[in-house]
Amino acid sequence: MSELEKKSIDPATIQMLKKAQADGCETIFDRADAMKPCPIGAEGSCCKQCAMGPCRVPAPKKKEGAEDKAKRRGLCGATAETISARNFARMVAAGTSAHSDHARGVAEVFLAAAKGEIPGFRIQDEQKLYQIAMDFGVEIGDRSIQEIATDVGHKALAEFGRQEGELVFVKRAPLKRQEIWRNLGVVPRGIDREVVELLHRTHMGVDQDYEDLLKAAARCALADGWGGSMLSTELQDVLFGTPVPVLGRINLGVLKKDEINVVVHGHEPLLPEILVQVVDDPEVQKAAQSVGAKGINLAGMCCSANEILMRHGIPVAGNFLQQELAIVSGAVDAMVVDVQCEMQSLAQVAKCYHTKLITTSAKAKIEGAIHIEFDEHNAPKVAKRILMESIENFKNRKPNIEIPSETMDTVVGFSHETINYLLGGVFRASYRPLNDNIINGRIRGIAGVVGCNNARVTHDDPNLTLIKELIKNDVIVLATGCSAMTAGKAGLLTPQAARQFAGEGLASVCDAVGLPPVLHMGACIDNSRILMAASAVVKDGGLGDDISDLPAAGAALEWMSEKAIAIGQYFVASGVFTVFGVTWPTTGSEVVTKHLFEEFENTFKGKWGFEPDPIKAAKLMIEHIDKKRKALGIDKARERVLFDMAKRRELEAA
Ligand code: XCC
């Protein structure tokens, strides 16, 4: 195997890496070879909170005496524990701010759409609007959709600046969970307030007690999961439709040689939704034909892709580490980006080819890109301008176009509501059949496998190996973000995959209901759907009275962004055992790491874990699931099922 072939398990990625090399175009994979991570920063031991530092307080290499320990402090006296906890907390604050600021943008557009002020946007899921109105205590009666939605929009926006009380969606959690949070004093008040407070606490000379810092980080993270992210998911569903199963295709092979390829990349679905509408405009289509193209091929990258894939079946070009490689194909006429996970190197890679890099968010410009700002009051006009720029660029394509042939069919769009309907039927929507199959042992447990790619590990390998190992062991997988795409590329997002890859028990349930063994639940913001699903499973009964009682676990083995840490922290604070891979950001302090990995379980009933090896990570998760089954008294049922299966095989063999 060549060095290049060790970079990814995805043949399309390898093919484009070879092309990039031949074209003399540098990618993240090259930079990962050339620059190793800073070891002190990686373990969370670098404190740059003030100008007397940065202070380095690395983890001790050997067993230390009290005297050595006393020397290991920053100039201000900050201990390794404080430094490590502060750095971790700041990651949570940044991650929460990203999801929540995305949510604020959605809420603003929602309100304007409710008032009928912006063309192209309208309320699409009235049922869900009513549900949210009830959560917010907005009167329904015989009021118009517009009136109800306007009130919901105002209330949603007020969640960001709320100064006291509790975030409204906290009430969606099981009662026992709410009680745990209240007793610990971590129920988030306002979304912005928790982010600001955490940044304040981690400023030089403020909170210097690692336990207190990590608890505050939990409160902030909960403001993400049960606040910003959940608001965003819910309002996006009302505006653009709650996802239902839809067919899609994924991988770089979705790019087309004879069409204008426009790749939307980033996170907010606002502009991509309008691009989907405008792409069929006769004027746009005519313009495309006039330059010799057969049409316009809209495709997605990263979470923008997940959003329009699950609502419209728009093809996905790839996940995080493939963003530069789409451009390397030489066939992308425009890459349209908004916020989060867009690498600055896109501008350089675009220069090697003909691609126009177009930034669209007022919050994110990239040197060397064209900026066409999204304005919700003129969204169709902006979308049209972007498409025209892309069409205009078609003629500038260079001769060295090479598009990998790899694509894979997927079935996506498993929102929490859809799973409910699929399992229980429209008139009896319920998780009961899922609970029954967990209780009888056909399904051993539930795993959320989420998160990014990371150039420090073989692209897609840890996530895919983990997912395969879990489903083989009858654990149903809920996936979001870039890991959901990994599953898609490997063919795991189809109902047929159950027979091929899942254990006997899980396969039999998937067959009966027509579900894939891995359910694509959306973008990273939609991890809130997993929280809602977990709460619904608890409420349907038979599996304890809290999320922490469920035979469930979470993982992000290829994480890289601060958002991933915020997500992990809100899952842990919601009672879930969550395993991360690649690297762990608090290894500089054994005490802090132990607190997150062990002591958190005493208070939050959830805990962190770290295991970069996917098979070992699967083992940890399955052991946890089995421990929970035992505590629920349903371990015996599973043994019986296994015995039955063995018996059946014996009979078959005879
Ligand atoms: Fe970004 Fe959401 Fe991570 Fe993928 S999974 S690399 S955060 S696109 Ni969110």
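Keep in mind the model is a prediction, meaning the values are calculated, not measured.

### A closer look at the overall build of the protein chain
A tally of regular secondary structure across the protein chain gives 27 helices and 16 strands. For 654 residues, the compact-globule estimate of 2.2 N^0.38 gives 26 Å, and the C-alpha radius of gyration of the protein chain, at 24 Å, lies within 12% of that figure. Counting only C-alpha atoms, the protein chain reaches 70 × 65 × 65 Å along its principal axes. Within the protein chain, the fraction of its 654 residues that count as buried is 62%. Accessible surface for the protein chain amounts to roughly 24800 Å². Of this, 53% is attributable to carbon and sulfur atoms.

### Describing the coordination of the nickel atom of the ligand
The protein supplies the nickel atom of the ligand with one donor atom, Cys524 (SG), which lies at 1.8 Å. Note on placement: Cys524 falls in the loop between strand 13 (518-520) and helix 23 (527-540).

### As for the pairing of strand 11 (residues 445-449)
Across the five residues that make up strand 11, a large majority, five, are buried. Side chains Gly445, Ala447 and Val449 project from strand 11 onto one buried face, and the interleaved Ile446 and Gly448 project onto a second face that is buried too. Inspection of the sheet shows strand 11 paired to strand 12 (residues 475-479) by five bridges, in the parallel sense. In the sheet register, Gly445 faces strand 12, and the bridge partner there is Val475. With respect to chirality, the unit in which strand 11 leads through helix 19 (residues 461-472) into the neighbouring parallel strand 12 is right-handed. Here four bridges tie strand 11 to strand 14 (residues 552-556), and the two strands are oriented parallel to one another. Bridge pairing in strand 14 places Ala447 opposite Ala553.

### Structural notes on a nonpolar patch on the surface
On the surface, a nonpolar cluster with roughly 300 Å² of combined accessible area is contributed by Met52, Leu75 and Met204. Here Leu75 lies in the loop between helix 4 (66-71) and helix 5 (80-114). Taking the relative accessible area as the measure of exposure, Leu75 reaches 63% and is therefore exposed.

### Topic: the sheet that holds strand 11
Judged by pairing direction, the sheet is parallel, and its six strands sit side by side in the order 13-12-11-14-15-16 without closing on themselves. Only two strands of the sheet have a single partner each, and these edge strands are strand 13 and strand 16 (608-610). For this sheet, the mean angle separating the axes of adjacent strands, direction not counted, is 25°. The sheet contacts of helix 26 (residues 614-632) involve strand 11, strand 12, strand 14 and strand 15 (577-580), and relative to strand 14 the element is tilted by about 160°.

### What about the site of the ligand?
Lining the immediate surroundings of the ligand are His267, Cys302, Cys303, Phe320, Cys341, Gly451, Cys452, Cys482, Cys524, Met560, Ser561 and Lys563. Counted by class, the shell around the ligand contains eight nonpolar, three polar and one charged residues.

### Comments concerning the state of the cysteines
In protein structure, a disulfide is the covalent linkage between the sulfur atoms of two cysteines. For the structure shown, the criterion picks out zero disulfides. Cys220 forms no disulfide, and the closest cysteine sulfur to it belongs to Cys524, at a distance of 17 Å. Given a relative accessible area of 0%, Cys220 falls into the buried group.

### Focus on the nonpolar core
Counting residues in each nonpolar core, the largest one holds 176 residues, and the members touching the most others are Val152 and Leu470. At 17 residues, the largest contribution of residues to this core is made by helix 10 (residues 210-240). With residues near it in sequence (within four places) discarded, Val152 still touches Phe110, Leu129, Ile132, Ala133, Phe136, Val138 and Leu235. Leu4, Ala299, Leu325 and Leu357 belong to the second largest nonpolar core, which has 34 residues in total.

### Looking at helix 16 (residues 379-393)
End to end, helix 16 covers 21 Å across 15 residues, agreeing with the expected 21 Å (1.5 Å per residue, within 8%). Among the residues of helix 16, those classed as buried are Ala379, Val382, Ala383, Ile386, Leu387, Ser390, Ile391 and Asn393.

### Digging into the packing of aromatic side chains
In this structure the tally under the stated criterion is twelve aromatic pairs. Taking the centre distance of 4.8 Å and the plane angle of 80° together, the rings of Phe580 and Trp608 count as edge-to-face. Of the two residues, Phe580 is situated in strand 15 and Trp608 in strand 16; the sequence distance between them amounts to 28 residues. Here Trp584 and Trp608 contribute two aromatic rings whose centre-to-centre distance is 4.8 Å and whose plane-to-plane angle is 55°, an arrangement assigned as tilted. Of this pair, Trp584 sits in the loop between strand 15 and helix 25 (590-604) while Trp608 is found in strand 16, placing the two residues 24 residues apart along the sequence. Among the residues examined, Trp608 registers a relative accessible area of 1% and is labelled buried. Across the ring face of Phe577, the terminal group of Lys607 is positioned such that the distance to the ring centre comes to 5.2 Å.

### Observations regarding the pattern of salt bridges
The full count for this structure, using the stated rule, is 48 salt bridges. Salt-bridge contacts for Glu26 lead to Arg31; the nearest nitrogen and oxygen are separated by 2.8 Å. By relative accessible area, which is 28% here, Arg31 ends up partly exposed. The shortest N-O distance in the salt bridge between Lys607 and Glu601 comes to 3.6 Å. A network of salt bridges, in which partner residues are shared, links Lys128, Asp135, Arg172, Glu234, Asp237, Glu307, Arg311, Glu417, Asp526 and Arg529.

### A look at the packing of helix 7 (residues 145-161) against helix 9 (residues 191-201)
It is the contact of helix 7 with helix 9, at a shortest axis distance of 3 Å, that shows an interaxial angle of 15°. One finds that helix 7 runs roughly parallel with respect to helix 9. Contact with helix 7, carried on its side by Glu159, Phe160 and Gly161, involves Ile191, Asp192 and Arg193 of helix 9 and no other residues of that element. Of the residues contributing to the contact of helix 7 with helix 9, the split by class is two nonpolar, one polar and three charged.

### Concerning helix 25
Spanning 15 residues, helix 25 covers 20 Å between terminal C-alpha atoms, matching the ideal 21 Å at 1.5 Å per step. The largest bend along helix 25 measures about 45° and falls at Glu598. Within the sequence span of helix 25, burial applies to Val592, Thr593, His595, Leu596, Phe597, Phe600 and Phe604. Taken together, the buried residues of helix 25 touch helix 5, helix 8 (175-184), helix 10, helix 24 (562-573) and strand 16. Looking at the residues trailing helix 25, positive phi occurs at Lys605, about 65°.

About the criteria used
Residues numbered from 1 in each chain as written. Predicted model: local features only at pLDDT ≥ 70, side-chain atom pairs only at ≥ 80, totals over all residues. Heavy atoms only, no water. Helix = DSSP H or I, 4+ residues; strand = E, 2+ residues; numbered from the N terminus. Rg over C-alpha atoms; globule rule 2.2 N^0.38 Å. Buried < 20%, exposed > 50% of the residue type's maximum accessible area, 1.4 Å probe, protein only. Areas by Shrake-Rupley, 256 points an atom, 1.4 Å probe, with all protein chains shown as cover. Donors = N, O, S within 2.8 Å, 3.2 Å for Na, K, Ca; no water. Pairing = 2+ DSSP bridges. Right-handed = clockwise from strand over helix to strand, strands pointing away. Patch = residues over 30% accessible without salt bridge, like charges linked within 9 Å, V, L, I, M, F, W, Y side chains within 5 Å. Salt bridge = Lys/Arg side-chain N within 4 Å of Asp/Glu carboxyl O. Axes fitted to C-alpha atoms, helices over the stretch in contact; angles between N-to-C directions. Contact = heavy atoms within 4.5 Å. Near = heavy atom within 4 Å. Nonpolar A, V, L, I, M, F, W, Y, C, P; charged D, E, K, R; others polar. Disulfide = S-S within 2.5 Å. Core = buried A, V, L, I, M, F, W, Y, C linked by side-chain atoms within 4.5 Å. Expected span 1.5 Å × (residues − 1). Phe/Tyr/Trp six-rings, centres within 6.5 Å; stacked < 30°, edge-to-face > 60°. Lys NZ or Arg CZ within 6 Å of the ring centre and 35° of its normal. Parallel < 35°, antiparallel > 145°, perpendicular 65-115°, else oblique. Bend = angle between axes of the 7 residues up to and from the residue.

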